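# Residue-level structural notes
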Amino acid sequence: MSHNDLDTLKNQLRDFADKRDWNQFHSPKNLCMALSIEVAEIGEHFQWLTEEQSRKLPQEKLDEVATELADTLLYLIRLADKLEIDLLTAALDKLELNKQKYPIAQSRGNAKKYTEFMK
């Protein structure tokens, strides 16, 4: 997704909320709570599945997960917009930080947290 695509989606969400007079409900706190709920709804689709089952969802289930992922993305973009955070820049900055915290030589094939590399 390019910066322009993300900005277009952000602006569409602004317009959607404006036309429905929903800004009164879209405080950072409320958006964060809604985001958390949507993430939990993604998790419900994987609850009790084996690792293998989670990798091979039937199309109907995959479509449901796609809808929940979309809800999550939309709330995340809306929250970032309300906080005036450039989400793409923040994500790229975090990726660079993770590259430093997880050097390839120490982290390849390793699930340890970066703080455990120091031990």
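That block above? That's the structure.
Predicted model, so just to flag it, every value in this text is computed and none were measured.

### Considering the overall build of the protein chain
Secondary structure summary: the protein chain contains 7 helices and 0 strands in total. For the protein chain, the succession of helices and strands along the chain, N to C, is α-α-α-α-α-α-α. Taken against the 2.2 N^0.38 rule, which gives 14 Å for 119 residues, the C-alpha radius of gyration of the protein chain at 18 Å runs more than 25% over that of a compact globule. Taking the principal axes of the C-alpha coordinates as reference, the protein chain spans close to 50 × 35 × 25 Å. A burial count over the protein chain gives 19% of its 119 residues as buried. Taking as baseline every contact in the protein chain between residues at least 6 positions apart, the subset at least 24 positions apart corresponds to 62%. Summing over all exposed atoms, the protein chain offers an accessible surface of approximately 9100 Å²; the carbon and sulfur share of this is 57%. The positive charge centre, built from 17 side chains, and the negative charge centre, built from 21, are 8 Å apart in the protein chain.

Conventions adopted
Residues numbered from 1 in each chain as written. Predicted model: local features only at pLDDT ≥ 70, side-chain atom pairs only at ≥ 80, totals over all residues. Heavy atoms only, no water. Helix = DSSP H or I, 4+ residues; strand = E, 2+ residues; numbered from the N terminus. Rg over C-alpha atoms; globule rule 2.2 N^0.38 Å. Buried < 20%, exposed > 50% of the residue type's maximum accessible area, 1.4 Å probe, protein only. Contact = heavy atoms within 4.5 Å. Areas by Shrake-Rupley, 256 points an atom, 1.4 Å probe, with all protein chains shown as cover. Lys, Arg positive; Asp, Glu negative; His and termini not counted. Charge placed at Lys NZ, Arg CZ, Asp CG, Glu CD.

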